[in-house]
Amino acid sequence: MKATLDFKQGVFTALLSSGEKLSHGEPVELAQLLLDAGVEPGDAKWSIWTLENKFEDIMKAVAKGDRTWARLAQHELWRRMS
């Protein structure tokens, strides 16, 4: 399943190809919601490539159960966004 990602007013939002909308204030938690909904790490797209790349790292780490790597990638994502 595909997802389009956005960040507005402190909230990450994903619009799934099914029409469902998921959101969370933390990227790692949104990644978990997306994986639970059947979105694969390479299927979440951003309008900004560097953010997409880092979010994919977060999703891969969450999928593997590596919360430390996920948090590190989340920190890098926040830095890119600032």
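A few points on the structure.

1. Comments concerning the overall build of the protein
A tally of helices and strands in the protein yields three helices and four strands. Each helix (α) and strand (β) of the protein, taken in turn from the N terminus, gives the series β-β-β-α-β-α-α. By the compact-globule yardstick of 12 Å for 82 residues, the protein fits well, its C-alpha radius of gyration being 11 Å. Overall, the protein is about 30 × 30 × 20 Å in size when its C-alpha atoms are taken along their principal axes. Expressed as a percentage of its 82 residues, the buried residues of the protein come to 35%. For the protein, the share of sequence-separated contacts (at least 6 apart) that also reach a separation of at least 24 residues comes to 43%.

2. Observations concerning the pattern of salt bridges
One pass over the full model with this rule turns up seven salt bridges. A salt bridge links K2 to D43, with the shortest nitrogen-to-oxygen separation between them at 3.2 Å. Of this pair, K2 sits in the segment before β1 (3-8) while D43 sits in the loop between α1 (27-36) and β4 (44-45), placing them 41 residues apart in sequence. Residue D43 is classed as buried on the basis of its relative accessible area of 16%.

3. Here we look at the sheet that holds strand β3 (residues 21-24)
Across the sheet, four strands lie side by side as β3-β2-β1-β4; this open sheet has mixed pairing. Each end of this open sheet is capped by a strand with a single partner; those strands are β3 and β4. As paired strands, strand β2 (residues 11-16) and β3 are joined by four bridges and run antiparallel to one another. When the sheet's bridge partners are listed, A14 is paired in β3 with L22. On the sheet, α1 packs against β1, β2 and β3 and is oriented at approximately 155° with respect to β3.

4. A short note on the pairing of β1
Pairing analysis gives six bridges linking β1 to β2, with the strands arranged antiparallel. Following the sheet pairing, F7 is matched in β2 by F12. A loop of two residues connects β1 with β2, the two strands running antiparallel in sequence, and Q9 in this loop sits at a positive phi of about 50°. Pairing between β1 and β4: two bridges, direction parallel. When the sheet's bridge partners are listed, A3 is paired in β4 with A44.

About the cut-offs
Residues numbered from 1 in each chain as written. Predicted model: local features only at pLDDT ≥ 70, side-chain atom pairs only at ≥ 80, totals over all residues. Heavy atoms only, no water. Helix = DSSP H or I, 4+ residues; strand = E, 2+ residues; numbered from the N terminus. Rg over C-alpha atoms; globule rule 2.2 N^0.38 Å. Buried < 20%, exposed > 50% of the residue type's maximum accessible area, 1.4 Å probe, protein only. Contact = heavy atoms within 4.5 Å. Salt bridge = Lys/Arg side-chain N within 4 Å of Asp/Glu carboxyl O. Pairing = 2+ DSSP bridges. Axes fitted to C-alpha atoms, helices over the stretch in contact; angles between N-to-C directions.

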